[in-house]
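# Observations on the model geometry
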Amino acid sequence: NAGVTQTPKFRILKIGQSMTLQCTQDMNHNYMYWYRQDPGMGLKLIYYSVGAGITDKGEVPNGYNVSRSTTEDFPLRLELAAPSQTSVYFCASSWDRGRSGYTFGSGTRLTVV
Amino acid sequence: AQSVTQLDSQVPVFEEAPVELRCNYSSSVSVYLFWYVQYPNQGLQLLLKYLSGSTLVESINGFEAEFNKSQTSFHLRKPSVHISDTAEYFCAVSDMNRDDKIIFGKGTRLHILP
């Protein structure tokens, strides 16, 4: 009954470093999403996937990469971290894209210094 | 493209008073509508949703929202708030015909005053 699990919960990166935010779901959902949340700005879609092996860009993809080798996992890669990537990152999954709503993970708070 | 407007970034309200959080979406095409709640330091949780049928939908903790197609609105209401309702609330919309990604509003922070 884990739902969507994100790791780590917190991370501090130095400018130029790289890291991978992990996201795993155990609900056999085909659709998975990565959002970033900044104060007063709501949620911005970074990347999404409609199934294993298929990914697509969202609203703010620059500076990020994703892969989807299995149904369960949807990692988000940050290359050459910048202060503008300081944010809270949420992974979500859904059964049928839009209709049933999303299940969210608890988030990763990332600070780039 | 769809967009969602939440007219108030913050709403202060006294405990046990009624509250309305406003939400308007951009298009009159057929849509699915959602309200999500985010408690401090947590992820978003689905509060309620409108897919079809009755325009009034309810959550298990006393919130309700009414779909108004002519005004393209989906306002969230609760007749009597509790301190535990302190959270940020997000309205969201999805295009029914495209069954597409959910678009989120910027959120409304609900402050419950003692």
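This brings us to the state of the cysteines. Residue and element names in this part refer to chain B. Within this structure, the stated rule accounts for 2 disulfides over all chains. Across the disulfide from cysteine 23 sits cysteine 91; the S-S distance is 1.9 Å. For the disulfide bridge between cysteine 23 and cysteine 91, the dihedral angle about the S-S bond is near -65 degrees, and by the sign convention the bridge is left-handed. Of this pair, cysteine 23 sits in the loop between β3 (19-21) and β4 (24-25) while cysteine 91 sits in strand β10 (residues 87-95), and the two are 68 residues apart along the sequence. The pair formed by cysteine 23 and cysteine 91 is uniform in burial state, with each residue classed as buried.

A separate point is the confidence of the model for chain A. On average, chain A scores 94 in pLDDT, and the residues at 70 or more come to 98%. Here strand β5 (residues 42-51) of chain A stands out as the element of chain A with the lowest mean pLDDT, 93, in contrast to strand β3 (residues 19-25) of chain A, whose mean of 98 is the highest.

The subject of this paragraph is unusual backbone geometry. Most peptide bonds take the trans form, and the phi angle of most residues other than glycine is negative. Omega for the bond connecting threonine 7 of chain A with proline 8 of chain A falls within 30 degrees of zero, at -10 degrees, which places this linkage in the cis form. Along the chain, the position of proline 8 of chain A falls in the loop between β1 (4-7) and β2 (10-13). Despite not being glycine, glutamate 16 of chain B has its phi angle at roughly 75 degrees, a positive value. Within the element layout of this structure, glutamate 16 of chain B appears in the loop between β2 (10-14) and β3. A residue is classified by how much of its surface remains accessible, and glutamate 16 of chain B, at 63% relative accessible area, is exposed. Phi is positive for asparagine 41 of chain B, which is not a glycine, with a value near 60 degrees.

A separate point is the packing of aromatic side chains. Within the structure shown, the criterion is met by 15 aromatic pairs over all chains. Between phenylalanine 104 of chain A and tyrosine 36 of chain B, the aromatic rings sit 5.7 Å apart at their centres with planes inclined by 80 degrees, giving edge-to-face as the arrangement. You can see phenylalanine 104 of chain A sitting in strand β10 (residues 103-104) and its partner tyrosine 36 of chain B sitting in strand β5 (residues 31-38), one on each of two chains. Under the relative-accessibility criterion, phenylalanine 104 of chain A is labelled buried at 9%. On the basis of relative accessibility, which here comes to 0%, the residue tyrosine 36 of chain B falls in the buried class. For the pair phenylalanine 34 of chain B and tyrosine 36 of chain B, a centre-to-centre distance of 6.3 Å together with 40 degrees between the ring planes defines the contact as tilted. Residue phenylalanine 34 of chain B shares its accessibility class with tyrosine 36 of chain B, and that shared class is buried. Note that arginine 68 of chain A overlies the ring of phenylalanine 74 of chain A, its terminal NZ or CZ placed 5.9 Å from the centroid.

Cut-offs and rules
Residues numbered from 1 in each chain as written. Chains lettered and ligands numbered in written order. Predicted model: local features only at pLDDT ≥ 70, side-chain atom pairs only at ≥ 80, totals over all residues. Heavy atoms only, no water. Disulfide = S-S within 2.5 Å. Helix = DSSP H or I, 4+ residues; strand = E, 2+ residues; numbered from the N terminus. Buried < 20%, exposed > 50% of the residue type's maximum accessible area, 1.4 Å probe, protein only. pLDDT = per-residue confidence, 0-100. Phe/Tyr/Trp six-rings, centres within 6.5 Å; stacked < 30°, edge-to-face > 60°. Lys NZ or Arg CZ within 6 Å of the ring centre and 35° of its normal.

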